[in-house]
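# Structural overview for review
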Amino acid sequence: MSGPPGANDIRGVDVCIDECKKWVWNIGSDNGEVDGYSCEHGPMLLFQRFFKERSPRKFWACAACRSRKDCAAFHWADNKKMSRFLEFDRSLQESNRWSTQAGWMLSRYEIHNPPKRCKKSHRPTEFLKPKENEKLNAQYFFSSHTTATVCNMIQSLGFKRVLCLGTPRLFEELKQRGDAIDCMLFDIDNRFHQFYGPHEFQPFNMFNGYFFNENHLAARQFAAECDLILVDPPFGGVLEALAQTLQMLWKWKEIDLLEKNRGQTNPALNPAGEIATMLFLPYFFKNKISNVLPTVAMSDYCIDYENHRTYTASKKKRGSPVRLYSNINPTKLAFPRNEGYSFCHTCQRYVHQSNKHCKFCKTCPSIDGQTWIHCFKCGKCVKPGRVHCIKCNHCQPPNHSCEENRKRRSLGCHICHSLDHKRTACPSLSSSS
């Protein structure tokens, strides 16, 4: 147990989100004195690692970085000896905050196509070199078409105060549309300090709700008063942690409205008591989002990036796999008809022309840009090209292996070896500590 396990011995890793709440987001804590660790990116998250032939083991790791090459902070939870990387406490964490007054300048390696007066540029993402570290802060900026469409939608819905969480391209566009919309950018990339003041930009870690600057009261107040949150997270981030940060922001809004309206209902919150939120993630996160943010639903609208090698309409036949998720009433999210979107009166939402309504399923079933086909034996719509396999008892690709499929389905839970659930739903997780 003293050394790190081999890669072949590891079965999986899960975040212990319930145990993180008190330390990271101060949920359920009366005095803030909760055991936990911090690194230069704020409070760390508690994870649990599963092994083939050993009991699970918990550890603390950075909330922002997925690789220890980017942030070496790591500590086994059952190790009483303090790691040399974790000599952080609340006071030291405060002293390591980034200063808004730091007068560093961008180097020539951080920009491309530099303008003559870069400090006064209104669109820094057009010449800042995007960060490329996939496991830390890879940056993919929205295409100009997607940016314009989303901002037009925001204006048509009448939002006035918009919090841009990791969406610098949308922030730039909204700022250029006049004083009708007040917006603020929260982003982990501190290079934006060169272009925006503290009332426009705050360095922020969306996976633990951590402000890197001491003077962030104005930013927190803006977050509490905003009526829309835009979120474009790294696709490899911990979604459970992001969900907790969003719920923290929603709670700030609820408290602010209670103080201003003395407990009366306010239309700024949806029926679930949440701020209107737009989230941008690939369609294959649909089930995960449904679990961590039940009120946030996926739409058909495709999001294109200008500097991603595949997530653009020109690179894929079915378009980008990234979708717009939102807790806004889907009847209000009107997507451009000239791009093939139309309103389905049965589903009460806008869908793409490839997503045909199924009268048997009573829904528009496709999520990946293809036209799905109803299988009467399965009792649901399936991807085109799938055929019903009698042995597997559901639709599969034509050249699939029934034996391999049977093995995958019979794996079950590798913690308790039960076949009726997977690891993430294992009852033993709640009892392991």
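Residues numbered from 1 in each chain as written. Predicted model: local features only at pLDDT ≥ 70, side-chain atom pairs only at ≥ 80, totals over all residues. Heavy atoms only, no water.

Moving on, we get to the nonpolar core. Formed by 60 residues in total, the largest nonpolar core has its most connected members in Leu45, Phe186, Ile229, Leu249, Ile289 and Leu293. No other element matches helix H6 (residues 239–261), which puts nine residues into this core. If we skip the residues at most four places from it in the chain, Ile229 touches Leu163, Leu246, Leu249, Trp250, Ile275, Ala276, Thr277 and Met278. Counting residues in hydrophobic clusters, the runner-up holds 37 residues, among them Ala276, Leu324, Ile328 and Phe335. (Core = buried A, V, L, I, M, F, W, Y, C linked by side-chain atoms within 4.5 Å. Buried < 20%, exposed > 50% of the residue type's maximum accessible area, 1.4 Å probe, protein only. Helix = DSSP H or I, 4+ residues; strand = E, 2+ residues; numbered from the N terminus. Contact = heavy atoms within 4.5 Å.)

Take the environment of Phe59 next. In this fold, Phe59 is placed in strand E5 (residues 57–61). Assessed through its relative accessible area of 5%, Phe59 is described here as buried. It is 4.1 Å that separates the C-alpha atoms of Phe59 and Trp76, two residues lying 17 residues apart in sequence. Other than its neighbours up to four places away in sequence, Phe59 contacts Val13, Leu45, Leu46, Phe47, Gln48, Arg49, Phe74, His75, Trp76 and Ala77.

Strand order in the open sheet made by the eight strands is E10-E9-E8-E7-E11-E12-E14-E13, with mixed pairing throughout. Looking at the sheet topology across the chains shown, the edges are occupied by strand E10 (210–211) and strand E13 (297–302). Where E13 meets strand E14 (residues 322–326), three bridges bridge the pair, whose relative direction is antiparallel. Each bridged residue has a counterpart across the sheet, and for Cys302 the counterpart in E14 is Arg323. The sheet strands contacting helix H3 (residues 144–157) are strand E7 (161–165), strand E11 (228–231), strand E12 (276–282), E13 and E14, and the helix crosses E12 at an angle near 160°. (Pairing = 2+ DSSP bridges. Axes fitted to C-alpha atoms, helices over the stretch in contact; angles between N-to-C directions.)

A few words on the pattern of salt bridges. Tallying each qualifying case throughout the model produces 14 salt bridges. Its salt-bridge partner being Asp78, residue Arg57 comes within 3.1 Å of it at the nearest N-O pair. Remark: Asp78 occurs in the loop between strand E6 (74–76) and helix H2 (90–95) and Arg57 occurs in strand E5; sequence separation between them is 21 residues. Here Asp78 falls in the partly exposed class, since its relative accessible area comes to 42%. Notably, a salt bridge pairs Arg191 with Asp189, separated by 2.9 Å at the nearest N-O pair. Side by side, Arg191 and Asp189 carry an identical accessibility label, which is buried. The network of salt bridges with common partners includes Arg123, Glu173 and Arg177. (Salt bridge = Lys/Arg side-chain N within 4 Å of Asp/Glu carboxyl O.)

What follows deals with unusual backbone geometry. The phi torsion at Lys362 lies on the positive side, around 60°, for a residue other than glycine. Tracing the backbone through its elements, the reader meets Lys362 in the loop between strand E16 (349–352) and strand E17 (373–375).

In this section: the confidence of the model for the chain. Mean pLDDT over the chain works out to 80, with 72% of the residues at or above the 70 mark. Low pLDDT (under 50) marks residues 114–120, which in the prediction has eight contacts with non-local residues, meaning those over four places away or in another chain. (pLDDT = per-residue confidence, 0-100.)

To continue, consider the pairing of E14. When you tally the buried positions in E14, you get five out of five residues, the bulk of the element. Burial along E14 is two-sided: the residues Val322, Leu324 and Ser326 and Arg323 and Tyr325 are all buried. Judged from the five bridges that link them, E12 and E14 form a sheet pairing that is antiparallel. What sits directly across from Pro282, in E14, is Val322.

Packing of H3 against helix H4 (residues 168–175) brings their axes to within 10 Å, and their N-to-C directions diverge by 60°. Considered as vectors, H3 and H4 are oriented oblique to each other. Seen along the crossing, H3 lies across H4 with a hand that is right-handed. Side by side, H3 and H4 meet where Thr147, Val150, Cys151 and Ile154 of the first sit next to Arg169, Leu170, Glu173 and Leu174 of the second. Split into classes, the residues belonging to the contact of H3 with H4 amount to five nonpolar, one polar and two charged. (Parallel < 35°, antiparallel > 145°, perpendicular 65-115°, else oblique. Left-handed = near helix turned anticlockwise from the far one by under 90°. Nonpolar A, V, L, I, M, F, W, Y, C, P; charged D, E, K, R; others polar.)

Enumeration over the complete set of coordinates arrives at 24 aromatic pairs. Measuring from ring centre to ring centre gives 5.2 Å for Phe74 and Trp76, while their planes differ by 90°; the resulting arrangement is edge-to-face. Here the two residues Phe74 and Trp76 agree in accessibility, since each one is buried. With 5.4 Å between their ring centres and 40° between their planes, Phe284 and Phe285 make a pair best called tilted. Judged by its relative accessible area of 16%, Phe285 falls in the buried class. Here the aromatic cluster, defined as three or more aromatic residues joined through ring pairs, consists of Tyr301, Phe335, Tyr341, Phe343 and Tyr350. In this arrangement the basic side chain of Arg57 is found over the ring face of Trp76, its NZ or CZ atom lying 4.0 Å from the centre. (Phe/Tyr/Trp six-rings, centres within 6.5 Å; stacked < 30°, edge-to-face > 60°. Lys NZ or Arg CZ within 6 Å of the ring centre and 35° of its normal.)

Here helix H1 (residues 17–24) has its buried residues at Ile17, Cys20, Trp23 and Val24. The arc that holds the buried residues of H1, viewed along the axis, is 115°, so those residues lie on one side. After H1 finishes, the residue Asn26 shows a positive phi value of roughly 55°. (Arc of directions from axis to C-beta.)

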